[in-house]
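One-letter residues, chain by chain:
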Protein chains: 2
Amino acid sequence: MSTSPQNTRPGTKSGPVAQPLKVVHHKFLAGCRYVRLLLGEYGQGADYIEEKYWQRRPELLSLNPAGSLPIIVENAADPVVGAIVIGEYIDETRGALMREKRLMPENPHTRAEVRRLVEWFLDKMEDEVVGYLSNERVFKILKSVKEGGGSPDGAILRAGRANLKNHLRYISHLAATRNWLAGTRISHADMAGAAAISLLDYLGEITWSDEPALKEWYARMKSRPSFRPLLSDKIISLAPVSHYIDLDF
Amino acid sequence: MSTSPQNTRPGTKSGPVAQPLKVVHHKFLAGCRYVRLLLGEYGQGADYIEEKYWQRRPELLSLNPAGSLPIIVENAADPVVGAIVIGEYIDETRGALMREKRLMPENPHTRAEVRRLVEWFLDKMEDEVVGYLSNERVFKILKSVKEGGGSPDGAILRAGRANLKNHLRYISHLAATRNWLAGTRISHADMAGAAAISLLDYLGEITWSDEPALKEWYARMKSRPSFRPLLSDKIISLAPVSHYIDLDF
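Residues numbered from 1 in each chain as written. Chains lettered and ligands numbered in written order. Predicted model: local features only at pLDDT ≥ 70, side-chain atom pairs only at ≥ 80, totals over all residues. Heavy atoms only, no water.

Draft legend 1. The overall build of chain A, seen in detail. Of the regular secondary structure elements, chain A holds eight helices and four strands. Secondary structure elements of chain A, listed N to C terminal, follow the sequence β-α-β-α-β-β-α-α-α-α-α-α. Relative to a compact globule of 249 residues, whose C-alpha radius of gyration would be 18 Å, chain A shows 18 Å and is just as compact. Reported as C-alpha extents along the three principal axes, the dimensions of chain A are approximately 55 × 45 × 30 Å. Going through the 249 residues of chain A one by one, you find that 51% of them count as buried. The long-range fraction of contacts in chain A, counting pairs at least 24 apart against all pairs at least 6 apart in sequence, stands at 69%. (Helix = DSSP H or I, 4+ residues; strand = E, 2+ residues; numbered from the N terminus. Rg over C-alpha atoms; globule rule 2.2 N^0.38 Å. Buried < 20%, exposed > 50% of the residue type's maximum accessible area, 1.4 Å probe, protein only. Contact = heavy atoms within 4.5 Å.)

Take a look at the structure:
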């Protein structure tokens, strides 16, 4: 039994040559935040490499021909690509060690409900809300003019905010009627929801006084150790709202 | 051990009161075709109910608040929603009985590759190609003017066809370098690919003489018994290309 520090990472090959997990990501993408939360929950350390994915560098396309993030690479094996796919992979390779703290349920119907909501947050809400607002308010600051940077488009912001109202109504309904978003136990669905909501919160897009049930759920999520790294994320030219890092917001 | 006919459906509750699986779908959505192919492969009969999902009937929204298809309902349990989620559910409830014919591999890395491609076909290719072409060429015929029906928009068709070229290049590369799309064994990835390609083929959008490797793979898919129901799909006012039902196209 080696006592090298690498062995504190469950699931990697044991022994002194085990390589840490490499995560290619961007801090301001919900899918990437989902993977960071999951790795934190599953006790898996990683080397995080931030990628300006919109530049579509050949190195990125060789890992993922779709050019999207996140991507993880483990032990020089083929990359595992896409937030939802990575979530399944993490559970399949680490879930058994988690026992009762596992974030995927056993029952196929309950698993389907968790997956429905993970897709809701990372596909549907991304397409209708988070993608619009983060593109206009974050990525247009990070991009050069040549890359599509510039001022936010008011019409797109309005569309995203109108859609956000409908989404908040639905998520608040889930938070008000269930202990955790997918049911009685915390799951990948809560991680996906928190990933998306945390970006909107950074941008001050959520009026918490209007959403008491959602706020109570989000406060629980925010106080988890896995959440801490997200609270220190910052863009120099765009500070978060004042309550972003506050656990009693 | 009962010998009632219901027991030929693996995975449902045994005994004479077992209810057949109910599938709410539309013939001309790739995600729905994916589920039909999977159910065929896994030997699962079903009652198919076609839904004009764009009408967003309350009955549909009560099954799936997103209003999207496909949806399956089994034994009066909660609905299972979304093509990718249903694919996981079918494998989790029927896969073990399939033994070596199972369409999901065991290894987590290989599973990740299958899932990457299923997402590619049902999310990315849907967004960039299949959704554009089927909306303009199929659903605008099926919808009333009030529902958004009418003539296809030439600019959208051109965008979808331009994207299709890039997708065909990638899928042909997979078909040329691998036995099946995700590797050595047939998998959910082939079902998702065939679901998307079959819609484009119905519409005559693929020039098969330009894609020999893809054609060879698609001919293998088309000759599978699970594929037969798809070949009899028809819209009265839009006949398929002449080779659509032909196994030697």
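Draft legend 2. Fine view of the side chain of His-188 of chain A. Residues and elements named next belong to chain A. As for its position among the elements, His-188 is in helix α6 (residues 188-202). Accessibility expressed as a relative area gives 3% for His-188, which makes it buried. Here the side chain of His-188 touches Tyr-34 through a polar contact of 3.2 Å, side chain to side chain. (Polar contact = N/O pair within 3.5 Å; in protein donor to acceptor, adjacent residues only side chain to side chain.)

Draft legend 3. Spotlight on the interface of chain B and chain A. Chain B puts 23 residues into the contact, and the matching count from chain A is 23 residues. Both sides together, the interface formed by chain B and chain A hides about 2100 Å², and carbon and sulfur atoms give 64% of it. The tally of links between chain B and chain A comes to six salt bridges. Put simply, Glu-92 of chain B and Arg-115 of chain A hold a salt bridge, and the shortest N to O gap is 3.0 Å. Here chain B is connected to chain A by six residue pairs in polar contact (both at pLDDT 80 or more). Mapped onto the side of chain B that touches chain A, the elements with two or more residues apiece are β4 (80-81), α3 (83-98) and α4 (108-142) of chain B. (Buried area = accessible area lost by both parts, 1.4 Å probe. Salt bridge = Lys/Arg side-chain N within 4 Å of Asp/Glu carboxyl O.)

Draft legend 4. Structural detail: the sheet that holds β4 of chain B. Residues and elements named next belong to chain B. Within the open sheet, the four strands sit side by side as β2-β1-β3-β4. Their pairing is mixed. Every interior strand has two partners, whereas the edge strands, β2 (46-50) and β4, have only one. Sheet topology note: the strand β3 (residues 71-73)/β4 ladder contains two bridges and is antiparallel. The residue of β4 that forms the bridge with Ile-71 is Val-81. (Pairing = 2+ DSSP bridges.)

Draft legend 5. Representation of the packing of aromatic side chains within the structure. Counted by the stated rule, this structure contains 22 aromatic pairs over all chains. Relative to Phe-139 of chain A, the ring of Tyr-53 of chain A has its centre 5.6 Å away and its plane inclined at 80 degrees; by these criteria the two rings are edge-to-face. With Tyr-53 of chain A in the loop between β2 (46-50) and α2 (58-63) and Phe-139 of chain A in helix α4 (residues 108-142), this pair connects stretches of sequence that are 86 residues apart. Ring plane angle 75 degrees and centroid distance 5.8 Å describe the contact between Tyr-218 of chain A and Phe-249 of chain A, whose orientation is recorded as edge-to-face. Of this pair, Tyr-218 of chain A sits in helix α7 (residues 212-222) while Phe-249 of chain A is found in the segment after α8 (228-231), placing the two residues 31 residues apart along the sequence. Both residues of the pair, Tyr-218 of chain A and Phe-249 of chain A, count as buried. Each member of the aromatic cluster is reached from another via a ring pair, and the members are Trp-208, Trp-217, Tyr-218, Phe-227 and Phe-249 of chain A. The residue whose ring lies beneath Arg-33 of chain A is Phe-28 of chain A, and the NZ or CZ to ring-centre distance is 5.4 Å. Lying across the ring of Phe-249 of chain B, Lys-222 of chain B places its NZ or CZ 4.2 Å from the centre. (Phe/Tyr/Trp six-rings, centres within 6.5 Å; stacked < 30°, edge-to-face > 60°. Lys NZ or Arg CZ within 6 Å of the ring centre and 35° of its normal.)

Draft legend 6. How the structure looks around the nonpolar core. Residues and elements named next belong to chain A. Counting 81 residues, the largest nonpolar core has Tyr-34, Met-125, Ile-197 and Trp-217 as its most contacted members. By residue number, the principal contributor to this core is α4, which donates twelve residues. Beyond its immediate stretch of four places on either side in the chain, Met-125 contacts Trp-120, Val-130, Leu-164, His-167, Ile-171, Ile-197 and Leu-200. (Core = buried A, V, L, I, M, F, W, Y, C linked by side-chain atoms within 4.5 Å.)

Draft legend 7. Spotlight on the side chain of Glu-136 of chain A. Inspection of the secondary structure puts Glu-136 of chain A in helix α4. Polar side-chain contacts of Glu-136 of chain A include one of 2.7 Å to the backbone nitrogen of Asp-153 of chain A.

Draft legend 8. The arrangement of α4 of chain B in detail. All names here are of chain B. Look at α4: only 42 Å from first C-alpha to last across 35 residues, short of the 51 Å you get at 1.5 Å a residue. By the largest-angle criterion, Glu-126 marks the main kink of α4, which is about 85 degrees. Capping of α4 at its N-terminal end is provided by Asn-107; its side-chain oxygen lies 2.8 Å from the backbone amide nitrogen of His-109. (Expected span 1.5 Å × (residues − 1). Bend = angle between axes of the 7 residues up to and from the residue.)

Draft legend 9. Molecular detail of the confidence of the model for chain A. Residues and elements named next belong to chain A. Across chain A, the average pLDDT comes to 92, with 92% of residues at or above 70. Every residue in residues 1-17 is under pLDDT 50, and counting partners more than four places away or in other chains gives 28 contacts. This prediction of the complex comes with two scores: 0.92 for pTM and 0.91 for ipTM. (pLDDT = per-residue confidence, 0-100.)

Draft legend 10. The arrangement of the pairing of β2 of chain B in detail. Residues and elements named next belong to chain B. In the sheet, strand β1 (residues 21-25) pairs with β2 via five bridges, with the strands oriented parallel. Counterpart to Leu-21 in the pairing with β2 is Ala-46. You can see the chain leave β1, run along helix α1 (residues 30-41) and come back into β2, and the turn it takes is right-handed. (Right-handed = clockwise from strand over helix to strand, strands pointing away.)

Draft legend 11. A look at the packing of α1 of chain B against helix α6 (residues 188-202) of chain B. Residue and element names in this part refer to chain B. For the pair α1 and α6, the least separation of the axes is 8 Å and the interaxial angle reads 130 degrees. When the axes of α1 and α6 are compared, the pair comes out oblique. In this structure, the crossing between α1 and α6 has a hand that is right-handed. Of the residues in α6, those touching α1 at Ala-30, Arg-33, Tyr-34, Leu-37, Leu-38 and Glu-41 are His-188, Met-191, Ala-192, Ala-194, Ala-195, Ala-196, Ser-198 and Leu-199. Residues that form the contact of α1 with α6 fall into these classes: ten nonpolar, two polar and two charged. (Axes fitted to C-alpha atoms, helices over the stretch in contact; angles between N-to-C directions. Parallel < 35°, antiparallel > 145°, perpendicular 65-115°, else oblique. Left-handed = near helix turned anticlockwise from the far one by under 90°. Nonpolar A, V, L, I, M, F, W, Y, C, P; charged D, E, K, R; others polar.)

Draft legend 12. Structural context of the relation of the copies chain B and chain A. Least-squares fitting of chain B to chain A yields an RMSD of 0.0 Å, with the superposition described by an axial translation of 0.0 Å and a rotation of 180 degrees. Taken together, the rotation angle and the small translation identify this as a two-fold axis. Across chain B, the rotation axis passes nearest the C-alpha of Asp-123 of chain B, at a separation of 4.4 Å. When the interface residues of chain B are mapped onto chain A, 100% of them again fall at the interface, so both copies present the same face. (Least-squares fit on C-alpha atoms with pLDDT ≥ 70 in both.)

Draft legend 13. Region of interest: the sheet that holds β2 of chain A. All names here are of chain A. Strands sit in the order β2-β1-β3-β4 across an open sheet of four strands; the sheet is mixed. The open sheet terminates on both sides in strands that have one partner only, identified here as β2 and β4 (80-81). On top of the sheet, helix α1 (residues 30-41) reaches β1 (21-25), β2 and β3 (71-73); it is set at about 155 degrees to β1, its chief contact.

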